[in-house]
Amino acid sequence: MKAIFTPKHDCLAMEIDAARLRWAYAEPERQGFRIQTGEMELSGRNILEVKSGLPAHAARTVLLVARDEILTRTLRLPSTHPKEINNLVAYRLPQELPYAIAEIVYHADTLQVNPDGYAQVGVLWTLRKNMESKLASLKEFGIEIDEAIPSTQGLLFYFLRLRAADPTLPSRVFLAALAAKQSELALVDGEKVLFSRSAKHGIEHVFHEKDAFVQECKNFLQAAEKEGWVKPEALCVLGPAEEREAAMPVFSGITDLPIHWPQDLAGVELPVQGADFAALVGASSGPWESPASLLPTEIREER
């Protein structure tokens, strides 16, 4: 299977909370890449036990920041050179938040330039103390992070690989990444996530609370339309392959858009907890030339 953005070096992506570490490891091969995944409980483990449960060495190590730890803002700012956008955001963002700019870490991306000379700038942000806590926890186990990105960026990388494998998959889609109890909904255009939110309904609700799931997806599309985003060309579902046949009638009730339920990549099984799993896989093999970084500036410069 043809792959896009095959990493030049091996890469380890991980997600950590107070009790557990989940990881995905991508290693380049002649015809693409090989993926390993795993997870471990952290309670009672020492540095040697944790390190021995991970790949021995990775050229690049990435921290994935979960969706429920990230907040978003869309700012209307004068269109300017990309290097100046951060200066405008650093001035404007504290005016809309109860925090000083030094208390947060953020990534800003120009999503759309309007005819009036203003741009829609998407900002992903989280509290600096939360990032520093995660980095400190990993350091206790001897793990140094090269980069930190939001889970939506990991899902984007996974989606780009799917598009490379399936040329019929459009670039502008409504992406529904299903997990067991909670899902990720996103409007993707090319290589950017324009609009996204966490959905309280997951794969189990597709069958047991169908009406609520359908309404939540419809509400997302209506909210995206109100934000002024162009209508997507298709609905792309990331979910367990064994659920596809039974779930397709439910998704047909959400929209009249063509529905794509792509095959998994590189033989990697997408389990019920598909959204965060796919994000981990994507993050471990993404295009690192310009990631949506949430790593504090001074730490990134040290790397």
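Look up a bit, the structure's there.
Notes on the structure follow. (Residues numbered from 1 in each chain as written. Predicted model: local features only at pLDDT ≥ 70, side-chain atom pairs only at ≥ 80, totals over all residues. Heavy atoms only, no water.)

**Considerations on the pattern of salt bridges**
- A complete count under the given rule lists 11 salt bridges for this structure.
- Taking the shortest distance from any N to any O, the salt bridge between Glu-27 and Arg-34 comes out at 2.2 Å.
- Judged by its relative accessible area of 34%, Arg-34 is partly exposed.
- Between Arg-67 and Glu-184 there is a salt bridge, and its shortest N-O distance comes to 3.1 Å. Of this pair, Arg-67 sits in the loop between strand E4 (60–65) and strand E5 (71–78) while Glu-184 sits in strand E10 (residues 183–189), and the two are 117 residues apart along the sequence.
- Overall, Glu-184 belongs to the buried group, its relative accessible area being 5%.
- Several salt bridges converge on common partners, so that one network encompasses Glu-15, Arg-20, Arg-22 and Glu-39. (Salt bridge = Lys/Arg side-chain N within 4 Å of Asp/Glu carboxyl O. Buried < 20%, exposed > 50% of the residue type's maximum accessible area, 1.4 Å probe, protein only. Helix = DSSP H or I, 4+ residues; strand = E, 2+ residues; numbered from the N terminus.)

**Let's talk about helix H6 (residues 210–226)**
- Its 17 residues place the ends of H6 25 Å apart at the C-alpha level, agreeing with the 24 Å of an ideal helix rising 1.5 Å per residue.
- What H6 keeps buried is the set Phe-213, Val-214, Glu-216, Cys-217, Phe-220, Leu-221, Ala-223 and Ala-224.
- In this structure, the buried residues of H6 make contact with strand E9 (172–177), E10, strand E11 (192–199), helix H5 (203–208) and helix H7 (244–252).
- Downstream of H6 by a residue or two, Gly-228 has a phi angle that is positive, lying close to 95°. (Expected span 1.5 Å × (residues − 1). Contact = heavy atoms within 4.5 Å.)

**Digging into the packing of aromatic side chains**
- For the coordinates displayed, the defined rule picks out five aromatic pairs.
- On the basis of an interplanar angle of 20° and a centroid distance of 5.2 Å, the ring pair of Phe-174 and Phe-220 is categorised as stacked. Remark: Phe-220 occurs in helix H6 and Phe-174 occurs in strand E9; sequence separation between them is 46 residues. Pair check on accessibility: Phe-174 and Phe-220 agree, each one buried.
- With centroids separated by 5.5 Å and ring planes inclined at 85°, the aromatic side chains of Phe-213 and Phe-251 adopt a geometry described as edge-to-face. Placement of Phe-213 in helix H6 and of Phe-251 in helix H7 is noted, with a sequence separation of 38 residues between them. Here the two residues Phe-213 and Phe-251 agree in accessibility, since each one is buried. (Phe/Tyr/Trp six-rings, centres within 6.5 Å; stacked < 30°, edge-to-face > 60°.)

**Section: the sheet that holds strand E7 (residues 118–127)**
- Read across the open sheet, the three strands follow the order E5-E7-E6; overall the sheet is antiparallel. In the strand order of this sheet, the two ends are held by E5 and strand E6 (104–113), each with one partner. On average, each strand axis in the sheet is tilted by 25° relative to the strand beside it, whichever way the strands run.
- Here E5 runs beside E7; their pairing, made up of eight bridges, is antiparallel. Directly across from Leu-77, in E7, lies its bridge partner Ala-119.
- The strands touched by helix H2 (residues 82–96) are E5, E6 and E7; relative to E5, the strand with the most contacts, the crossing angle is about 120°.
- Contacts between helix H3 (residues 128–140) and the sheet are confined to E6 and E7, with E7 contributing the most and set at about 50° to the helix. (Pairing = 2+ DSSP bridges. Axes fitted to C-alpha atoms, helices over the stretch in contact; angles between N-to-C directions.)

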